[in-house]
Amino acid sequence: MPTRSSYWITRFLILRLLGAIYAFAFLAAIHQIIPLIGEHGLLPVDDFLKNVSGALGSNNAGFARLPSVFWFVHSDTTLLTTAWIGLILSLVVLAGYANALLMIILWFLYMSFVHVGQDWYGYGWEIQLLETGFLAIFLCPLINMRPFPKRAPPMPVIILFRWLIFRIMFGAGMIKMRGDTSWRDATALYYHFETQPLPGPLSRWFHFLPRAILRFGVWYNHLAELIAPWFVFWPRIARLIAGILIIGLQIILILSGNLSLLNWLTIVPALACFDDQSWAKVLPRKLILRAANADAQAEPSGPMLVTSWILAIVIAFYSISPVMNIFSPGQIMNTSFDRLDLVNTYGAFGWVGRERMNIVFEGTMDSIPDEKAIWKSYIYQALPVELNKRPPQIAPYQLRLDWQIWFASMSTPDEYPWTIHLVSKLLHNDAGAVSLFAENPFPKHAPRYIRAVLYKYFFSKPGHPDGRWWNRERIGDIWLPAMSADDPRLTDLLKQNGWSPE
C-alpha cells in the first residue's frame, strides 16, 4: 500500500499530463508555425532575428538573450522538423517513458519556439510551460526512462511544484482584485463567459446561469486563488483540500471556455498536493501496486538529491523578483524575470471586458468596394463570425490567429501591423494565410478587395427561433478600409514594416 510520504504516482501523473500538453503545443506549431513566422509568414522569424541581432550587436548576444535553436538555422523545413521532433518526444513521455535528458530536449525545443514566436507566443502559459517543464527535468532519473524507475521522486522538487502552483494561483487572484472592480463586487462572471477570447460549446449555458450562481462562482474563484494557495504547504488534510479546490476551478474553466493550455497546465503543479495514498482511492489497483512495489525496491540517489537541493536554492534566488511583483501595487502579470524563464509571474483576466468585439475580414469580387458590394466573410476556426454556429471545443489546442484577433479587436491596426500583412496575403490567396481560417470564401480567384469590419457580438438566448448562437451589431465605420492588391496605401504600409507586396 502506498504511503503518505511517497509520490511515485504523483510523478507518474505529472509527467503523463505534461507530455500531453507538450504534444498539443507542438501539434499547434506543426499546423501553424509556417504561416505565422515562416519565410513567408505574417511575422517572419528571419526579420525578427535580424532585428534582435542588430539591437544587441551580434547573433551570439541574441542567443544569450533569447536562447533558441533557430539562431543557427530557421528555414521552414527546420521549423517544421523541430515541431515534429517535439511532438514525437512528447508522445514518448505521454506513453510513460521519461528521463531527465528527454525532458531537457523537450524544454529547450519549446523554448526555441517561444523565444522567436513574437506576438504568436506572447501568452502567459508559454513561460508557464517552460517553468513547469524545467522543474519536471529534476523529477526524473538522468537515464532510466521506466514509468517507475529505481529512484524516488525527490521531495524538494515536489515542494517546488507546490511553490509554482502557489505563485500561479495567488498571482492570478491578486491581479484580479487589483485590476477590475467586477472581481471585487462579484459581477465578473456576468461578462466573462461571453467576452472571453474563445468561448466553448458550454459557454452560453454558463453565461445565462442565474446571477446568484455567477456571483457564487466569483467567490469560489477567490477561494481557489487567494486562500487555497496558502494551504499547499500545510499538513496533509489542508493540502489535499487546497489541491481539490484549485483543480476544481481549472475543471470549471475547461468546461466553460477555450483557454488554450492554461487550465490543463495549471493542473500539473497542483497534482503535487496529493501523495500516493490519496491516489490509491481513485486510481486502478494495478497502478497502485506498481507504485507500492517501486517504493519498496527504491534505491536512494545521492546525486539526484543533491541536485534537487541545488535546484531549490536556485529557484529561491530567482523567486525574489516574482514574489516582490505579486505583493507590489504595480503588479504585472505573465512576465519572465530571467533569460531561461525559470521563475515567472503569472495572472489572467485582471480586467474583464463588458462587451465582445470581433474583427471580421471580408472580401469582394465587385469593382466598387462600397456597401452595395457583395462581401464574403473569412470564417475563423473558433472566433465567432457566423451567427448560427456553435462555438467549437478547441483547447488545449491553440488557434494563435484567433487569439491575436481577439486582442486586436480591442485596439487599432497601428498596434497590430501584421493585420496589414494578412490583408495583403488574402488579396493574393496565399495558401498559408488562408489555412489559418476555417475556409476560403474565394477558392478559385483571389478577391479584388479586402476590408476588416468591427462588430459587437453577444450571445443569443437559448431557444432562438432561428437557431442563433450569436447576435451582432456593427461598430463604427471600418476597422481597416477596403484595399486592393495595388492600393498605394497598402504598399506603403507594407514597406513601412519591411514587408514586400506579395
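For the structure itself, look to the data block above.
The structure presented is a predicted model; accordingly, all values stated were derived computationally and were not measured.

Trainee: Got a minute to help me understand the overall build of the protein in this structure?
Mentor: A count of helices and strands for the protein gives 21 helices and seven strands. The C-alpha radius of gyration of the protein comes to 24 Å, within 12% of the 23 Å expected for a compact globule of 502 residues. The principal-axis extents of the C-alpha atoms in the protein amount to approximately 80 × 55 × 45 Å. Taking all 502 residues of the protein together, 58% fall into the buried category. A fraction of 76% describes how many contacts in the protein between residues 6 or more apart in sequence connect residues 24 or more apart. Within the structure as shown, the protein displays about 21000 Å² of accessible surface, and the carbon and sulfur contribution to it stands at 63%.

Trainee: So what exactly am I meant to see when it comes to the pairing of strand 5 (residues 449–459) here?
Mentor: Successive residues of a regular strand alternate their side chains across the two faces of the sheet. Within strand 5, ten of the eleven residues are buried, leaving the element largely enclosed by the surrounding structure. As defined by bridge partners, strand 3 (residues 356–364) adjoins strand 5 across nine bridges and the pair is classed as antiparallel. Counted as the bridge partner of Glu362 is Arg451 from strand 5. Here strand 5 runs beside strand 7 (residues 480–483); their pairing, made up of two bridges, is antiparallel.

Trainee: I would appreciate a short explanation of the side chain of Glu362 in the present structure.
Mentor: One can find Glu362 in strand 3. Overall, the relative accessible area of 3% leaves Glu362 in the buried class. A polar contact of 3.1 Å, which involves the side chain of Glu362, links it to the side chain of Tyr455. Dropping the residues within four chain positions of it, Glu362 is found in contact with Trp375, Lys376, Ser377, Tyr378, Tyr449, Ile450, Arg451, Val453 and Tyr455.

Trainee: In this structure, what is going on with helix 7 (residues 155–179)? I would like to understand it.
Mentor: Given 3.6 residues per helical turn, the α-helix brings residues three or four places apart onto the same face. An ideal rise of 1.5 Å per residue puts 36 Å on 25 residues; helix 7 measures up with 36 Å between its terminal C-alpha atoms. Most of helix 7 sits out of view: 19 of its 25 residues are buried.

Trainee: What is the right way to look at the environment of Leu36 in this model?
Mentor: The topology assignment puts Leu36 in helix 1 (residues 8–37). Assessed through its relative accessible area of 1%, Leu36 is described here as buried. On a C-alpha basis, the gap between Leu36 and Gly117 in space is 8.4 Å, while along the polypeptide they are 81 residues apart. Residues within four places of Leu36 in sequence aside, it is in contact with Gly41, Leu42, Leu43, Trp120, Arg400 and Leu436.

Trainee: How do you make sense of empty space enclosed by the protein when you look at a structure like this?
Mentor: One way to see where empty space is left: roll a probe the size of a water molecule over the atoms. Summed over all chains, the structure comprises three cavities of 30 Å³ or more. By volume, the largest cavity is sized at about 80 Å³. Along the wall of the largest cavity there are 13 residues; nearest its centre are Ala382, Leu383, Pro384, Val385 and Lys389. Residue classes in the lining of the largest cavity are distributed as nine nonpolar, one polar and three charged. Size it by volume and the second largest cavity reaches roughly 50 Å³. Lining the second largest cavity are Arg11, Leu15, Arg16, Gly96, Ala98, Leu139, Cys140, Pro141, Met145, Arg146, Pro147 and Pro149. Looking at the lining of the second largest cavity residue by residue, the classes come out as eight nonpolar, one polar and three charged.

Trainee: Would you mind going over the packing of aromatic side chains with me for this structure?
Mentor: Centre distance and the angle of the planes are the two values used to describe a pair of aromatic rings. Summed over the entire model, instances satisfying the criterion amount to 37 aromatic pairs. Note on Phe26 and Phe113: the rings are 6.2 Å apart at their centroids and 70 degrees apart in plane angle, and the pair reads as edge-to-face. In this pair, Phe26 sits in helix 1 while Phe113 sits in helix 5 (residues 100–116), placing the two residues 87 residues apart along the sequence. Residue classification places Phe113 among the buried residues on the basis of a relative accessible area of 0%. Here the aromatic rings of Tyr378 and Phe437 are separated by 5.4 Å at their centres, their planes lie at 55 degrees, and the arrangement is tilted. Of the two residues, Tyr378 is situated in the loop between strand 4 (376–377) and helix 18 (400–408) and Phe437 in the loop between helix 20 (431–435) and strand 5; the sequence distance between them amounts to 59 residues. The exposure class assigned to Tyr378 is buried, which follows from its relative accessible area of 0%. An aromatic cluster is built from Tyr22, Phe26, Phe70, Tyr110, Phe113 and Tyr121, whose rings are joined through pairwise contacts.

Trainee: Please explain unusual backbone geometry as it appears in this structure.
Mentor: Cis rather than trans, the peptide bond between Ala395 and Pro396 has omega equal to 10 degrees. The topology assignment puts Pro396 in the loop between strand 4 and helix 18. Non-glycine residue Ser260 carries a positive phi angle of around 55 degrees. Within the fold, Ser260 resides in the loop between helix 12 (236–256) and helix 13 (262–270). Even without a glycine there, the phi angle at Phe349 is positive, about 55 degrees. Here Phe349 lies in the loop between strand 2 (344–345) and strand 3.

Trainee: Got a minute to help me understand the packing of helix 6 (residues 124–137) against helix 13 in this structure?
Mentor: When two helices pack together, their arrangement is given by the angle between the helix axes and by the axis-to-axis distance. In the contact formed by helix 6 and helix 13, the axes pass within 10 Å of each other and the chain directions differ by 25 degrees. Classified by the interaxial angle, the pair formed by helix 6 and helix 13 is roughly parallel. Like other packed secondary-structure pairs, helix 6 and helix 13 cross with a definite hand, here left-handed. Contact residues: Trp125, Gln128, Leu129 and Thr132 in helix 6; Leu262, Leu265, Thr266 and Val268 in helix 13. For the contact of helix 6 with helix 13, the residue count by class is five nonpolar, three polar and no charged.

Trainee: How should helix 19 (residues 418–427) be read in this particular structure?
Mentor: Most of helix 19 sits inside the fold, with ten of its ten residues counted as buried. Regarding helix 19, the residues found buried are Trp418, Thr419, Ile420, His421, Leu422, Val423, Ser424, Lys425, Leu426 and Leu427. Each element contacted by the buried residues of helix 19 is listed here: strand 3, helix 18, helix 20, strand 5, strand 7 and helix 21 (488–496). One or two residues past the end of helix 19 sits Asn429, with phi positive at roughly 55 degrees.

Trainee: Would you mind showing me how to read the environment of Thr78 here?
Mentor: Within the element layout of this structure, Thr78 appears in helix 4 (residues 76–94). Separated by 31 residues in the primary sequence, Thr78 and Leu109 have C-alpha atoms spaced 12 Å apart. Not counting residues up to four positions away in its chain, the partners in contact with Thr78 are Phe70 and Val73.

Quick notes on the rules
- Starting afresh in each chain, residues are numbered from 1 along the sequence in its written order.
- Side-chain atom pairs in this predicted model are given and counted only at pLDDT of 80 or more, local residue features only at pLDDT of at least 70, and totals for whole chains, interfaces and linings cover all residues.
- Side-chain metrics rest on all non-hydrogen atoms present in the structure, leaving aside hydrogens and water.
- Think of it this way: any DSSP run of H or I at least four residues long counts as a helix, any run of E at least two long counts as a strand, and we number them from the N terminus.
- The quantity called the radius of gyration is restricted to C-alpha atoms. Its globule counterpart is 2.2 Å times the number of residues to the power 0.38.
- Burial classes follow relative accessibility: with a 1.4 Å probe on protein chains only, a residue under 20% of its type's maximum area counts as buried, one over 50% as exposed, and anything between as partly exposed.
- Contacts between residues were defined by any pair of non-hydrogen atoms, one from each residue, lying within 4.5 Å.
- Surface accessibility follows the Shrake-Rupley procedure with a 1.4 Å probe radius. Residue values consider only the protein chains on display as shielding.
- DSSP bridges decide pairing: two strands pair if at least two such bridges lie between them.
- Distance and chemistry together define a polar contact, namely a pair of N or O atoms within 3.5 Å, with one atom able to donate a hydrogen and the other to accept it when in protein, and with adjacent residues in sequence counting only for side-chain atoms on both sides.
- Expected span, for any helix, means 1.5 Å times one less than how many residues it has.
- Cavity means a closed set of points on a 1 Å grid over the protein atoms alone, one where a 1.4 Å probe fits but cannot get out, pocket means an open set with protein on both sides within 12 Å along at least 5 of 7 lines, and lining means a residue has an atom within 4 Å of a point.
- Grid points are joined across faces, edges and corners, and a volume is the space filled by probe spheres set on the points.
- Note that Gly is not counted as nonpolar here; it falls among the polar residues with everything else outside the nonpolar set of Ala, Val, Leu, Ile, Met, Phe, Trp, Tyr, Cys and Pro and the charged set of Asp, Glu, Lys and Arg.
- Two rings from Phe, Tyr or Trp (for Trp, the six-membered ring) form a pair when their centres are within 6.5 Å of each other. A pair whose planes differ by under 30 degrees is stacked, one over 60 is edge-to-face, and the rest are tilted.
- Helix axes are fitted only over the stretch in contact, all axes being lines through C-alpha atoms; the angle between N-to-C directions runs from 0 to 180 degrees.
- Angle categories are assigned with fixed cut-offs, so that under 35 degrees is roughly parallel, over 145 is roughly antiparallel, 65 to 115 is roughly perpendicular, and the rest are oblique.
- Crossings are assigned a handedness: left-handed for a near helix turned anticlockwise from the far helix by less than a right angle, right-handed for a clockwise turn.

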